[in-house]
Amino acid sequence: QNATERAIIATALGIRIVPGFRLGVGLEIHLLDSPNSVTGSVGRTGSFELSTDLELLGDYMPRVGLELDGAAISPSLDAWSFGMAYRESFKEDFALPADFDLGFPATLELSSQTFFVPRELVAGFAWRPAPGWSLTTDVAWERWSELTSPRIRVAVVGLDGLLPDPSLAVLESPVPDPRVSDTVSPRLGLERDF
């Protein structure tokens, strides 16, 4: 009943601009359906209901890439090609209010980031030493430093008329720095066509 369903649609188009030079663009679309509902009680003091309705929430990740054959520069570079690709970041946020009856009205708000894919830039070379063989090497940079804290942030409201200091009615859990750094990853590959 409370399952979250996700549909991902990826579209792409490749174009040969001139002989030896190709450009590709793409768009990844995430559709989220999360009609969740939870009810419960808090001891003998009250009850709560928490519900979400995130039907067909769309998020998009654009991509772009290019490839250049060495022969387009010089006949001596015929066995070489160069490629580069960029992917935009993707994240999903949520905020879930829950109403409590504790003898007085109160609202608990939970918010966080449920899914994160960093922006990425990849560049590399391919070398064809013999027909059907390719040796590839590339470097990927991913911007993980944009990731926010994975902890839940909690704000309690609805107590302003019952507390001497209205600022005490809003409580927010500390959000520590996740201390996530960007990454650089070298990669090596060997490909054989049959």
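The preceding data block contains the structure.
Positions within a chain are numbered from 1, following the residues in the order the chain's sequence is written. Under the rules for a predicted model, residues below a pLDDT of 70 receive no local features and side-chain atom pairs below 80 are neither given nor counted, while totals for whole chains, interfaces and linings still include all residues. Side-chain metrics rest on all non-hydrogen atoms present in the structure, leaving aside hydrogens and water.

Visitor: Would you explain the overall build of the protein in this entry?
Guide: For helices the rule is a DSSP run of H or I covering at least 4 residues; for strands it is a run of E covering at least 2, with both sets numbered from the N terminus onward. Each helix and strand counted, the protein has zero helices and 12 strands in total. Only protein chains enter the area calculation, which uses a 1.4 Å probe; residues under 20% of their type maximum are buried, those over 50% are exposed, and those in between are partly exposed. Burial status across the protein gives 23% buried among its 194 residues. Residue contacts follow a heavy-atom distance rule, with two residues in contact if any of their heavy atoms lie within 4.5 Å. Taking all contacts inside the protein whose residues are at least 6 apart in sequence as the whole, residues at least 24 apart take part in 62%. In this description, accessible areas are obtained by the Shrake-Rupley approach with a 1.4 Å probe, and a residue is regarded as covered only by the protein chains that are shown. Carbon together with sulfur atoms contributes 61% to the accessible area of the protein, which is approximately 12,800 Å² in total.

Visitor: Explain the environment of proline 62 here, please?
Guide: Structurally, proline 62 is set in strand S5 (residues 57–69). We classify proline 62 as partly exposed; its relative accessible area is 38%. With 28 residues separating them along the chain, proline 62 and phenylalanine 90 place their C-alpha atoms 9.4 Å apart. With near-sequence residues (within four places) excluded, proline 62 lies in contact with Gly26, Leu27, Tyr86, Arg87 and Glu88.

Visitor: What should I look at first to understand the pattern of salt bridges in this one?
Guide: Opposite charge on two side chains allows them to pair when their charged atoms are near. We define a salt bridge as a contact between a side-chain nitrogen of Lys or Arg and a carboxyl oxygen of Asp or Glu at a distance within 4 Å. Inspection of the entire model under this criterion finds eight salt bridges. For glutamate 146, the salt bridge identified is with arginine 119, shortest N-O distance 3.3 Å. Here arginine 119 lies in the loop between strand S8 (105–117) and strand S9 (120–127) and glutamate 146 lies in the loop between strand S10 (133–142) and strand S11 (153–157), a separation of 27 residues in the sequence. By relative accessible area, which is 27% here, glutamate 146 ends up partly exposed.

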